Amino acid sequence: MTTIRTVAVIGAGQMGSGIAQAVASGGYEVRLYDLSAERIPLAQGEIAASLARRAARGLMTPAEADAALARIQAVASLAEAAQADLVIEAASEDEAVKKSVFVDLLPHLRPDTLLASNTSSISITRLASVTDRPDRFIGLHFMKPAPTMKLVEIVRGIATAAATYEAAVAFAESLGKITTESEDFPAFIVNRILVPMMNEAIYVLYEGVGNVTSIDKALKLGANHPMGPLELADFMGLDVVLAIMNVLYDGLADSKYRPCPLLVKYVEAGWLGKKSGRGFYDYSGAAPVPTR
């Protein structure tokens, strides 16, 4: 089995940047690639700011933060990224997009390179099927924000080799993470439970049972959740929440997974939550303000 020293992260959005930071902080050399070249400097700035905050809070020394940042190298092509020991795909939660990334990677991969997807809901078996190495393909689902959340959900496809699974567990644990194993069913464990709860909260809002404030307050104080479900949906991205609900609805054919029409409407409006500045809360001011 490949000894992992270099890790490529494909996708420099919020998840990809966070994964790159977590992996670099674990001592690995990281190659960061994004199809949109202008996204890379933004990601590097976000990572630098995040590492500086962690150093200021005493979670790492300034020297450790500088060293982690120095281990992240921006690359301009998939061919450069593909020469890593492990490639982690962190593109948008769209099966066609993810498959196209792996297809484009294939001609450039070394025979011993391991492949992983950070998908939070899509079949690992289907993603692996477009590659030449389904036995060396696995799901590594980091939670958001990846640098601070302890859990990595590890998902085996039908063809994933035992050695690949063991290498994935050892890699995640070397980052200071705790792993849980999930079978390859729609949305796995975390999002199979969590995202329908958010969707139900949106139905409660849609039906007028409560407003944004009362719903989030009820779950924070009544169930001791650190964030309300609507606040959490905004944090995840409403487009991501909708994509996961669609995977559940299509994959399990159960009406309980039907996405709430209000969620669909928000995504159609471009109200994607915190990353777009508006979702169930408006983030344009000093403090978030409910939009309903």
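Residues numbered from 1 in each chain as written. Predicted model: local features only at pLDDT ≥ 70, side-chain atom pairs only at ≥ 80, totals over all residues. Heavy atoms only, no water.

Before going further, it helps to examine the overall build of the protein. Each helix and strand in the protein was counted, giving 12 helices and 10 strands. What you see for the protein is a C-alpha radius of gyration of 19 Å, in line with the 19 Å of a compact globule of 292 residues. In terms of its C-alpha atoms, the protein occupies a principal-axis envelope of roughly 55 × 45 × 35 Å. A buried classification covers 47% of the 292 residues belonging to the protein. The contacts of the protein with a sequence gap of at least 6 include a subset with a gap of at least 24, amounting to 65%. By element, 56% of the accessible surface of the protein is carried by carbon and sulfur atoms, the whole surface being about 13,100 Å². In the protein, the 27 positive side-chain charges and the 32 negative ones have mean positions that sit 5 Å from each other. (Helix = DSSP H or I, 4+ residues; strand = E, 2+ residues; numbered from the N terminus. Rg over C-alpha atoms; globule rule 2.2 N^0.38 Å. Buried < 20%, exposed > 50% of the residue type's maximum accessible area, 1.4 Å probe, protein only. Contact = heavy atoms within 4.5 Å. Areas by Shrake-Rupley, 256 points an atom, 1.4 Å probe, with all protein chains shown as cover. Lys, Arg positive; Asp, Glu negative; His and termini not counted. Charge placed at Lys NZ, Arg CZ, Asp CG, Glu CD.)

Here, UniProt's "domain: 3-hydroxyacyl-CoA dehydrogenase C-terminal" (unreviewed entry) annotation points to residues 188-283. With 61% helix and 2% strand, the stretch residues 188-283 has end C-alpha atoms that lie 31 Å from each other. (UniProt positions renumbered as here; feature names shortened; annotations may be inferred.)

Here we take up the pairing of strand β7 (residues 151-156). Examined bridge by bridge, strand β6 (residues 137-142) and β7 share five bridges and lie antiparallel to one another. Within β7, the position partnered with His-141 by the bridge is Glu-153. Bridging between β7 and strand β8 (residues 178-182) involves five bridges; their strand directions are parallel. Residue pairing in the sheet places Leu-151 in a bridge with Ile-178 of β8. Viewed along the sheet, the connection from β7 through helix α7 (residues 162-174) into β8 turns out right-handed. (Pairing = 2+ DSSP bridges. Right-handed = clockwise from strand over helix to strand, strands pointing away.)

All right, on to the packing of aromatic side chains then. For the coordinates displayed, the defined rule picks out six aromatic pairs. When the centroid spacing of 6.3 Å and the interplanar angle of 70° are considered together, the rings of Tyr-203 and Tyr-206 count as edge-to-face. In this pair, Tyr-203 and Tyr-206 both sit in helix α8 (residues 190-206), three residues apart, roughly one turn of the helix. In this structure Tyr-203 comes out as buried when scored by relative accessible area, which is 11%. A relative accessible area of 43% places Tyr-206 in the partly exposed class. Summarising the aromatic geometry, the rings of Tyr-266 and Phe-280 are spaced 4.7 Å apart at their centres and angled 25° between planes, so their arrangement reads as stacked. Remark: Phe-280 occurs in the loop between α12 (261-268) and β9 (281-282) and Tyr-266 occurs in helix α12; sequence separation between them is 14 residues. According to the relative accessible area criterion, Phe-280 is buried, its value standing at 0%. Three or more aromatic residues joined by ring pairs make a cluster, and in this case those are Tyr-266, Trp-271 and Phe-280. Over the ring of Trp-271 we find Arg-278; its NZ or CZ atom is 4.1 Å from the centre of that ring. (Phe/Tyr/Trp six-rings, centres within 6.5 Å; stacked < 30°, edge-to-face > 60°. Lys NZ or Arg CZ within 6 Å of the ring centre and 35° of its normal.)

Secondary-structure assignment places Met-15 in helix α1 (residues 14-25). Distance from Met-15 to Lys-144, taken between C-alpha atoms, is 6.7 Å for residues 129 residues apart in sequence. Excluding residues within four positions of it along the chain, Met-15 makes contact with Asn-118, Phe-142, Met-143, Lys-144 and Ala-146.

Turning our attention to the domain arrangement of the protein. For the protein, the assigned domains read domain 1 (6-183) and domain 2 (192-290). Summarising the inter-unit geometry, the C-alpha centres of domain 1 and domain 2 are found 26 Å apart. Residue-level contacts link seven residues of domain 1 with six residues of domain 2. Both sides together, the interface formed by domain 1 and domain 2 hides about 530 Å², and carbon and sulfur atoms give 68% of it. Of all residues in domain 1, Glu-93, Ser-121 and Lys-144 bury the most surface against domain 2, accounting for 66% of the area lost on that side. For the interface between domain 1 and domain 2, the tally reads zero salt bridges. Where domain 1 touches domain 2, the interface holds one residue pair in polar contact (both at pLDDT 80 or more). Among the residues making up the side of domain 1 that touches domain 2, the classes are represented as two nonpolar, three polar and two charged. (Domains from an automatic or database assignment. Buried area = accessible area lost by both parts, 1.4 Å probe. Salt bridge = Lys/Arg side-chain N within 4 Å of Asp/Glu carboxyl O. Polar contact = N/O pair within 3.5 Å; in protein donor to acceptor, adjacent residues only side chain to side chain. Nonpolar A, V, L, I, M, F, W, Y, C, P; charged D, E, K, R; others polar.)

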